[in-house]
Amino acid sequence: MSDKKMNFFARSSKNQKTFRPKKSARSGSKGAQLKKHIDNTLGQGDLREAVRLPPGEDLNEWLAVNTVDFFNNVNMLYGTLIEFCTAATCKTMSAGPKYEYRWADGVKVKKPIEVSAPKYVEYLMDWIEAQLDDETIFPQHFGVSFPPNFRDVVKTILKRLFRVYAHIYHSHFQMVVKLKEEAHLNTCFKHFTLFTVEFGLIDGAELAPLSELIETIKAGQ
């Protein structure tokens, strides 16, 4: 492992008290096989190939394994920045002056509330983790059916994870560069973007805060 990667994971580990342990792929051989396929294609540096549904595989299985991966990536990335993203420095969850996000989960918080960026991310990660742990939504064993609304659940999770990326790029990118983590951030976001575009998982209006970067990624630059 390179010194840069060791430094990145060391920083993230130091801040794990705020976040949760890395989520594993679904139990059973299929989830493990798909995770191995993702790791192998990413290891070859072919992100466009890495997002494609492997021939003969179930789309929901593919969405599930990748959603867990994206949750882990964002959790790790933000974990390196929590000492710089505070209620004092980031009073609202925003992505530049034009975009502000308010929190609501539809259950505990039905009416959107304004919270600081770290509080928003805390609420979000708790909410996503609850979805991932709910076996009626993300079955833990291969062969158990996904719910009919599974794609909609995934779309909501990824839409909200995008907001964390948008906040990082707009509010903390200079610190990311200072920590020499920009290559890792850019690779993770490129993978995330290509996947969501491949399967039409985030509406265009939601992507507006990073539209220029996304267009560059889509153009293959």
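Residues numbered from 1 in each chain as written. Predicted model: local features only at pLDDT ≥ 70, side-chain atom pairs only at ≥ 80, totals over all residues. Heavy atoms only, no water.

> Can you tell me about the overall build of the protein chain, naming the residues and giving the values?
Scanning the protein chain for helices and strands turns up 9 helices and 2 strands. Of the regular secondary structure in the protein chain, the N- to C-terminal order runs α-α-α-α-β-β-α-α-α-α-α. Looking at the 221 residues of the protein chain, the share that counts as buried comes to 46%. A separation threshold of at least 6 residues defines the contact pool for the protein chain, and within that pool the share at least 24 residues apart is 74%. Only carbon and sulfur atoms are counted for the fraction: they give 51% of the accessible area of the protein chain, which is about 11,300 Å². (Helix = DSSP H or I, 4+ residues; strand = E, 2+ residues; numbered from the N terminus. Buried < 20%, exposed > 50% of the residue type's maximum accessible area, 1.4 Å probe, protein only. Contact = heavy atoms within 4.5 Å. Areas by Shrake-Rupley, 256 points an atom, 1.4 Å probe, with all protein chains shown as cover.)

> Which residues make up the confidence of the model for the protein chain, and what values do they have?
Summarising the model, the protein chain shows a mean pLDDT of 85, and 81% of its residues fall at 70 or more. Of all secondary-structure elements in the protein chain, the lowest mean pLDDT belongs to helix 1 (residues 3-14), at 43, while strand 1 (residues 93-94) reaches the highest, 98. Here residues 1-18 is modelled with pLDDT under 50, and outside its nearest four sequence neighbours on either side it reaches 27 contacts, counting other chains as well. (pLDDT = per-residue confidence, 0-100.)

> Describe the packing of aromatic side chains, naming the residues involved and giving the relevant values.
Going through the model one piece at a time under the given rule, you end up with 14 aromatic pairs. Relative to F192, the ring of F70 lies with its centre 5.3 Å away and its plane at 80°, an arrangement referred to as edge-to-face. Of this pair, F70 sits in helix 4 (residues 59-79) while F192 sits in helix 8 (residues 182-198), and the two are 122 residues apart along the sequence. Both residues of the pair, F70 and F192, count as buried. (Phe/Tyr/Trp six-rings, centres within 6.5 Å; stacked < 30°, edge-to-face > 60°.)

> Quick one: what's the story with the environment of D58, residue by residue and with numbers?
Within the secondary structure, D58 is located in the loop between helix 3 (47-51) and helix 4. A relative accessible area of 41% means that D58 is categorised as partly exposed. Not counting residues up to four positions away in its chain, the partners in contact with D58 are L53 and F146.

> Before we move on, can you summarise helix 4 with the specific residues and values?
Between its first and last C-alpha, helix 4 extends 30 Å over 21 residues, near the 30 Å set by a 1.5 Å rise per residue. The buried fraction of helix 4 is high, at 17 of 21 residues. A side-chain oxygen of the first residue of helix 4 lies 3.1 Å from the backbone nitrogen of N60; this N-cap is D58. (Expected span 1.5 Å × (residues − 1). Polar contact = N/O pair within 3.5 Å; in protein donor to acceptor, adjacent residues only side chain to side chain.)

> Quick rundown of the nonpolar core? Include the residues and the values.
Counting 63 residues, the largest nonpolar core has F138, L161, F162, Y165, F189 and F192 as its most contacted members. Residue assignment for this core shows that the elements contributing at least two residues are helix 2 (29-43), helix 3, helix 4, helix 5 (117-133), helix 6 (150-171), helix 8 and helix 9 (211-218). The dominant element in this core, judged by the number of residues it contributes, is helix 6, at 12 residues. Those residues in contact with L161, other than ones at most four positions away along the chain, are F70, F71, V74, L124, M125, I128 and F192. (Core = buried A, V, L, I, M, F, W, Y, C linked by side-chain atoms within 4.5 Å.)

> Please set out the pattern of salt bridges residue by residue, giving values where relevant.
Counted under the stated rule, the structure contains 6 salt bridges. Taking the shortest distance from any N to any O, the salt bridge between R163 and E206 comes out at 3.2 Å. Remark: E206 occurs in the loop between helix 8 and helix 9 and R163 occurs in helix 6; sequence separation between them is 43 residues. (Salt bridge = Lys/Arg side-chain N within 4 Å of Asp/Glu carboxyl O.)

> Give a detailed account of the packing of helix 4 against helix 8, specifying residues and quantitative values.
One way to put it is that helix 4 packs onto helix 8 with a least axis distance of 11 Å and a crossing angle of 155°. Of the possible angle classes, the one that applies to helix 4 and helix 8 is roughly antiparallel. As helix 4 runs across helix 8, the sense of the crossing is left-handed. Here W62, L63, N66, F70, N73 and L77 of helix 4 come into contact with helix 8, specifically with H184, L185, C188, H191, F192 and F195. (Axes fitted to C-alpha atoms, helices over the stretch in contact; angles between N-to-C directions. Parallel < 35°, antiparallel > 145°, perpendicular 65-115°, else oblique. Left-handed = near helix turned anticlockwise from the far one by under 90°.)

> Requested: an account of unusual backbone geometry, with residues and values cited.
Excluding glycine, residues mostly have negative phi values, and the peptide bonds linking residues are mostly trans. Of note in the backbone geometry, K180 takes a positive phi value of approximately 60° without being a glycine. For K180, the position within the fold is in the loop between helix 7 (173-178) and helix 8. By relative accessible area, K180 is classed as exposed at 58%.

> For the side chain of H172, give the residues involved together with the corresponding values.
The residue H172 is located in the loop between helix 6 and helix 7 in this model. Those residues within four positions of H172 in sequence are excluded, and the remaining contacts are L81, F84, C85, C90 and H167.

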